[in-house]
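Chain residues, written in single-letter form:
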Amino acid sequence: MLLTSDTPTAPSIWISALRKFYGDTEILKGIDLKVPVGTYLCLLGPSGCGKTTLLRCIAGLEHPSRGRLDLQGRTMFHETMPVPVPAEKRGLGMVFQHYALWPHLKVFDNIAFPMRQKRASSGEIETRVSDLADLIGLRPLLDRFPGQLSGGQQQRVALARALCIEPSILLLDEPLSNLDSGLRNQLRRELRNIHDRLGMTSVMVTHDQDEAMALADMIAVLHEGAVVQYGSPAEVLFEPATRYVASFVGYDNMLEGIVTDLAAGRTTLDLDGTRVTMQSSGRFAIGERLAIALKSRDVSLTSAPRGNHIATTVGRVTRLGSSLEIEIRAADQPLLVTQSADAAPAPKAGEHLFLQLPDTAPLLR
Amino acid sequence: MAALVRTIWRLGPWGSGFCLLLLAFVYWPFFTLIGGAFKSTPFGGTFTLSGFSTVFGNVATYRAFGVSALYSSIVLVISISIGLAFAFVTARSAARAARLLVPAMVLIAAIPRLFFAVSWGMIGAPRSGLIANVFQAFGRDLPDWLTVYSFGGLVWVTVLKVSAAAYLLLLGPVLQIDRSLEDAAVMSGASRGRAVIQVSLPLLTPALVAVAMLMFVEGIQIYDFPALLAAPAGIETLSTAVEAYLNKETTPQWASATALSLVVVLMITLLLLLQARLVGGRSFTSIVGKARQTAAMEPSRWDWAISLAIGLFLVLALLLPLAQMVIGSLQPYFGMYGTYTLANYKAIFADGRQVVILMETLAMSTVGGLFVIAVAFIMAYVETRTSLRILRLFVRIASWVPATAPGIVLSLAFVWTFVSTPGLRTLYGSNILMAIALVVAHLPLAIRACEGIVAQVSPELEDAARMSAARPATVILSITARLCAPSLAAAWVLVSLAIAGALDVPLLLQSTRSQTVATYAYSLFNNGEVAQAAAFFLSYLALFLLMVAGLYLATRFYTSMRNQPRVAVASR
C-alpha cells in the first residue's frame, strides 16, 4: 500500500515566503520549506514559536496572510487566490494533541467517519476499518465509546481515523505529549513503523528534541515564527546553526572566545588568554567573537592538562541522584559540568582543575 | 461596496440567506418602529410629531415611568436577596431541604408567568380567594391592603416568581467561590457569617451588578403581572401604558404608543450597554478562583431554620399556585369550595374552537421553539467560531436587538412591519405572523443559553471532522449539534413553554383567526370565567408534558436500538 504523489519529482509540501498575522502580531515570518515525498518532518520548537500555527496552515484550519503553499503539486494557498482550498478538500490526515475523538460515536464510527464523508460503500468501510484496526491493534475496541478508552488507546484511534482515507500527507500535532513515558516510547516506534509501511509524508509538531531526533528524517527548528535551521537530525544535533538551536538541543554551556587564527578546517580561539584549536568547517573572520557550544555531560574535569583544555576553579558541587552538578569558572565565565557521582573522587570547592574540550564542539556566532 | 461583495461571496448562498433572514425579521421591525413613531397610523398614515408631544405632555407617562422604576427596583432587591441566600444555602449548607432547591427553582422558573399571575390572582382575590376564605372562616373580611390586586400584591407575586431566576443566575458564581478564602477569614478570627459578608460578597459584586441590571430591564419589560394584578387597581407601568394607548382609548393612538415604545427601547438599550460596560466582557465566572473539591458540609444548629425557610418558599412559590390552579379548575364556579367537577374540562374538549386553540398553540410553541433553538444555535455558533469580524458584529447586535423591546413593543413593531410591507400584509392576523414574532421575542434568551452550550464543545472536535473531509454543514450537524443535542433539547422544552405562556407578544397580533392559550386564558380570566381559565391552562400543560414525555421515550428507544453492539465486526 505505497502512496506516491502524481508527480514524483515535486516536493510533497512546498512552502514559500509564508507569513501569518494575528492583527498586528506576526506569528509566522516568511517560512520557506521544501519537503520531499515520504519524509518524516518534525517541526521543533518551544511553545509559542509558531510551529502549531504552521501545521494548522498546512492543514487549512487556518489560512496564511501572505505567501504560497503547495501540497502534492496542488496550490492550496496563494496570496492572490480569492478563497484558499478549505481543509476538508485537501485530503490530509491529522492527529490532534488531545485526540479530538467524538464522544458520541463508537470507535468504529470515529474511524469510519472520513470514509463516510466520501460516500464509500459500507463494504469498503468495513474492510478498511478492520484492516486499520489490525494495523494499529484496535480490534477489540471497535465497539466501545472513546470515553471508555485509555489515553494510549484513544491516540491509536485518532491515528487510525487520520489514516482512514489513505492520505498522502499525515499531520500530527504533539501526538505523544499527553502520554506517560513508557507508552510514549512504544507509540513513537509504532508511528515510525506505520510511516515507513505506508510511505506517506508526515509532519509532526513537537517541543521534545529527543522525540524529534528519534523519529524524523528532517527537522525544522522554529524560533519566533521563523525556521532557524532545516536539516537532518544529525545536522541539527552536531552542527546547530545558531546559539538558539544549540541551547534548544541540549548545549547548556557557551564558552565565549575571539578568533585568532584560521587554517583549513581548524579555528583557533583565544579564551581569556588560553588558546584552543577546534575543528570547524564554518567561515569565520579573525577577531570575530564566537562561542564554543558545550554539553555539560560531554565535558570532563581532569587534574592534568590534556588536548584542548582550559584552567578552571571549582565552585559549588551539588549531588543530583547518581550524578554531580559542578559549577566552575573558566576564562572568567560560569560553566556547568555534569559527571557521574561514583566515577571519580568528587572535586572540592576551590580546587583548581582543567576542563577538557571536545575539539568537534560546534562554534557559533 | 467591494468589501460587501467579498463578504457575501465568503458567506455563500446559505450564509447570505441566513443574514437576510435576520435583517428582515430582527433588524427591519426595529427600523419600522423608529419610522412608525413619526407616523399617525400604520395604515398609510401621515408624518406627525403628535405621538411624542402626547407622550411627553401626559402626566400618566411620568407616573408610569415612576411605577416601573420603583417596581423593578423593589423586586430586584428582594428577589436577589432571596436568590443569593438560597444560592449560598445550596453551596454551603448541609440542611436536607437544600437538595430540593435546584430542581424546584428550575420548575418555578419554567412555569409561565401568566400561570403564576392567574393562580395568585385566584389565591389573593378579594372575596372568593383562598386567603379571603381563611379570613372568612374567622368571621372577618380580607382587609383591603392584603388584596393581591395592588402594588404590594404585584411586587409579592413577581418576587415569588423572579427569585427563582435570580437564584439560577447567581448559583454558578456562588459555587465558583473558593471556600478556602472564607476558611482563611475564619482562621483569622472572623465568624462564618462575617467571612461570607466580608470576603465572598465583594467577590460576587460583578455578578450581582450584572444580574441586577438584567433584572431591572426585565422588570421594565414585564407585562403579564402588571396587566393582571395592577391594571385592575388602576396602576400603570410602561408596558401596560403602551397597550393602553392602543386598546383603552376610543380610537387606537398608534403614534403615541409607538413614540412611548421608542423611548422605552432607547432606555433599555442604554441600560444594556451600561451593563455590558460594567461586566466589561468578562464572564461572570471568571472573577473568582478555582473551586475546591466539594467537601462534606458541616451540619449546623441552624439547619432546621434553613429547611423551614426553603419549605416556606417552595409552598408559596410552587405548591400553593399549583394546588390553587388544580382546585380552581375543578370548581363549578370559582370560589365555590366543597363541590368538585370535571365540567370545565369537558366544556373545553366539547368546544371545537378551544380544542383548535390548544392544538394550534401546541404546534406554534413546539415548532416555534424548534426554530428559536435552531436559529439561536446557529447565531451562537457563528458568534463564537467565525473569523469574519463584520459577520460576528452583525449577529451579535441581532442577538441583543429583540432584548431591548418589551413583548408588547415587539408586537407593535411587527404590526408596523407587516402592515407597511406590501407582500407581508396578507399575513397580518395569521398564525404565521404570530409565530414569527414569538420566535424573534424568545431569541435573546435562547442565544445566551446556546452560547454556553456551544462553548462546551472543543473546537478541536470540529477541526478533526474538517480534516476528515467533512463539509462545514456536516461538521455542524453531525458533530457540534449532535454533541449539544441533550442541552438543546432541554432548552427547547423551556422555550416552548415560554412561547405558549407569552401574553404580551400575541396581544396585538391576535385576531379571531389566531389566538394562543395565553391570550384565550387571559380573556377568560378577565371575563370572570376564572375556573375555566385554570382548566384551560392546565389542559395545555398536560398536553405539552404528554408530548414531551412521548418524545423523550421515543428518543430513548431510538438510542437504545442504535447502541446495539456491532456483532458482525466484533466477532471477527
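What you see is a predicted model; the values in this text were computed from it and never measured.

Here is what the cut-offs are and how they apply
Starting from 1, residues in each chain are numbered consecutively following that chain's sequence as written. A letter from A marks each chain and a number from 1 marks each ligand, given out in the order of writing. Thresholds applied to this predicted model are a pLDDT of at least 70 for local features of residues and 80 or more for the giving and counting of side-chain atom pairs; totals over whole chains, interfaces and linings are not thresholded and use all residues. Calculated side-chain values reflect all of the structure's heavy atoms, with hydrogen atoms and water omitted. Numbered from the N terminus, helices here are DSSP runs of H or I no shorter than four residues, and strands are runs of E no shorter than two. A simple rule labels every residue: compare its accessible area, found with a 1.4 Å probe on the protein chains alone, to the largest value its type can have, and call it buried under 20%, exposed over 50%, or partly exposed in between. Methods summary: accessible areas were calculated by the Shrake-Rupley approach with a probe of 1.4 Å, and residue burial reflects only the protein chains presented. Charge counting treats Lys and Arg as positive and Asp and Glu as negative, with His and both chain ends excluded. For the purpose of locating charges, the reference atoms are NZ of Lys, CZ of Arg, CG of Asp and CD of Glu. Domain start and end points were adopted from an automatic or database domain assignment. Contacts between residues were defined by any pair of non-hydrogen atoms, one from each residue, lying within 4.5 Å. The buried area of a pairing is the accessible area, by a 1.4 Å probe, that goes missing from both parts when the two are put together, added over both. Just to be clear on terms, a salt bridge is a Lys or Arg side-chain nitrogen sitting within 4 Å of an Asp or Glu carboxyl oxygen. Here a polar contact means two N or O atoms within 3.5 Å. Within protein one must be a hydrogen donor candidate and the other an acceptor candidate, and residues neighboring in sequence count only if both atoms are side-chain atoms. Under the scheme applied, nonpolar residues are Ala, Val, Leu, Ile, Met, Phe, Trp, Tyr, Cys and Pro; charged residues are Asp, Glu, Lys and Arg; polar residues are all the others, including Gly. Here the axes come from fitting lines to C-alpha atoms, over the contacting stretch only for helices, and the angles between their N-to-C directions go from 0 to 180 degrees. Oblique is the label for any angle not covered by the other classes, which are roughly parallel (under 35 degrees), roughly antiparallel (over 145) and roughly perpendicular (65 to 115). Detection works on a 1 Å grid of protein atoms alone, calling trapped sets that fit a 1.4 Å probe cavities and calling open sets with protein on both sides within 12 Å along at least five of seven lines pockets, with lining residues defined by an atom within 4 Å of a point. Grid points are joined across faces, edges and corners, and a volume is the space filled by probe spheres set on the points. By convention, a stacked pair of Phe, Tyr or Trp rings (six-membered ring in the case of Trp) has centres within 6.5 Å and planes under 30 degrees apart, an edge-to-face pair has planes over 60 apart, and any other such pair is tilted. Geometrically, a charge over a ring is one whose NZ (Lys) or CZ (Arg) sits within 6 Å of the ring centre while staying within 35 degrees of the ring normal. Strands are treated as partners if at least two bridges between them are detected by DSSP.

## Some remarks on the overall build of chain A
At step 1: What chain A contains, in helices and strands, is eight helices and 20 strands.
At step 2: Taken over the C-alpha atoms alone, chain A extends approximately 75 × 50 × 40 Å along its principal axes.
At step 3: A burial count over chain A gives 51% of its 365 residues as buried.
At step 4: As displayed, chain A has an accessible area near 16,000 Å², and 49% of this comes from carbon and sulfur atoms.
At step 5: A distance of 3 Å separates the average location of the 38 positive side-chain charges in chain A from that of its 40 negative side-chain charges.

## Digging into the domain arrangement of chain B
Residues and elements named next belong to chain B.
At step 1: Assigned domains of chain B: these are domain 1 (12–41 + 347–557) and domain 2 (50–287 + 301–341).
At step 2: Counting residues at the interface gives 36 residues for domain 1 and 38 residues for domain 2.
At step 3: Of all residues in domain 1, Thr404, Phe525 and Phe537 bury the most surface against domain 2, accounting for 16% of the area lost on that side.
At step 4: Connecting domain 1 to domain 2 are zero salt bridges.
At step 5: Counting every contact that joins domain 1 to domain 2 gives two residue pairs in polar contact (both at pLDDT 80 or more).
At step 6: Ranked by residues supplied to the side of domain 1 that touches domain 2, first place goes to helix H23 (residues 530–562) with seven residues.
At step 7: Taken together, the residues of the side of domain 1 that touches domain 2 break down into 28 nonpolar, six polar and two charged.

## As for the packing of helix H14 (residues 343–350) of chain B against helix H15 (residues 352–385) of chain B
Residues and elements named next belong to chain B.
At step 1: Axis separation between H14 and H15 bottoms out at 5 Å; the angle between their running directions is 85°. One element, H14, and the other, H15, form an angle in the roughly perpendicular class. Residue-level contacts link Ile348, Phe349 and Ala350 of H14 to Gly352, Gln354, Val355 and Leu358 of H15.
At step 2: Residue composition of the contact of H14 with H15, grouped by class: five nonpolar, two polar and no charged.

## Here's the deal with the interface of chain A and chain B
At step 1: Between chain A and chain B, the residue contacts involve 33 residues of the former and 26 residues of the latter.
At step 2: Between chain A and chain B, roughly 2,700 Å² of surface is buried when both sides are summed, and carbon and sulfur atoms account for 58% of that area.
At step 3: Linking chain A with chain B are two salt bridges, by the criterion used here.
At step 4: The shortest N-O distance in the salt bridge between Glu88 of chain A and Arg466 of chain B comes to 3.2 Å.
At step 5: Among the secondary structure elements, those contributing two or more residues to the side of chain A that touches chain B are helix H1 (51–59), helix H2 (107–117) and helix H3 (122–136) of chain A.
At step 6: Per-element accounting of the side of chain A that touches chain B gives the leading share, four residues, to H2 of chain A.
At step 7: A class-by-class count of the residues in the side of chain A that touches chain B yields 19 nonpolar, six polar and eight charged.

## Some thoughts on the layout of surface pockets
All names here are of chain B.
At step 1: In this structure, the second largest pocket encloses a volume near 580 Å³.
At step 2: Taken together, 19 residues form the lining of the second largest pocket, with Arg92, Ser93, Arg192, Ser300 and Ile306 sitting closest to its centre.
At step 3: The residue inventory of the lining of the second largest pocket, partitioned by class, reads ten nonpolar, three polar and six charged.

## So, the domain arrangement of chain A
Interface size is commonly expressed as the accessible surface area that is lost when the partners come together.
All names here are of chain A.
At step 1: When the domains of chain A are assigned, the result is domain 1 (13–92 + 167–244) and domain 2 (251–364).
At step 2: For domain 1 and domain 2, the distance between their C-alpha centres works out to 35 Å.
At step 3: Contacts between domain 1 and domain 2 engage six residues on the former and eight residues on the latter.
At step 4: Taken together, the two surfaces of domain 1 and domain 2 that pack against each other cover about 560 Å², and 52% of this comes from carbon and sulfur.
At step 5: Ranking the residues of domain 1 by area buried against domain 2 places Leu237, Pro240 and Arg243 at the top, with a combined share of 82%.
At step 6: Measuring nitrogen to oxygen at the nearest pair gives 2.7 Å for the salt bridge that ties Arg243 to Glu256.
At step 7: Residue composition of the side of domain 1 that touches domain 2, by class: four nonpolar, one polar and one charged.

## A closer look at the packing of aromatic side chains
At step 1: With the rule as written, the count across this model stands at 14 aromatic pairs over all chains.
At step 2: Ring geometry for Trp254 of chain B versus Trp416 of chain B: centroids 6.3 Å apart, planes at 75°, classification edge-to-face. Placement of the pair is Trp254 of chain B in helix H12 (residues 254–279) and Trp416 of chain B in helix H17 (residues 407–420), with a sequence separation of 162 residues. Per residue, the accessibility class of Trp254 of chain B equals that of Trp416 of chain B, and both read buried.
At step 3: Looking at Arg161 of chain A, its charged tip hangs above the ring of Trp102 of chain A, at a distance of 4.3 Å from the centre.
At step 4: Here Arg448 of chain B stacks its cationic end above the ring of Trp400 of chain B, 4.0 Å away from the centre of that ring.

## Some thoughts on the sheet that holds strand S20 (residues 363–364) of chain A
The pairing of strands in a sheet happens through backbone hydrogen bonds and is either parallel or antiparallel.
Residues and elements named next belong to chain A.
At step 1: Overall, antiparallel pairing links the five strands, which are arranged S13-S12-S11-S14-S20 in an open sheet. Edge positions in the sheet fall to strand S13 (274–279) and S20, since each of these pairs with one other strand and no more.
At step 2: Examined bridge by bridge, strand S12 (residues 266–271) and S13 share six bridges and lie antiparallel to one another. Bridge pairing links Asp270 to Arg275 in S13.

## Remarks on the pattern of salt bridges
At step 1: Applying the stated rule across the entire model yields 26 salt bridges over all chains.
At step 2: Here Lys51 of chain A makes a salt bridge to Glu174 of chain A, at a shortest N to O gap of 3.7 Å. You can see Lys51 of chain A sitting in helix H1 and its partner Glu174 of chain A sitting in the loop between strand S7 (169–173) and helix H5 (181–198), a full 123 residues away along the chain.
At step 3: Taking the relative accessible area as the measure of exposure, Glu174 of chain A reaches 9% and is therefore buried.
At step 4: Here the residues in one salt-bridge network are Glu383, Arg396, Arg448 and Glu451 of chain B, joined through shared partners.

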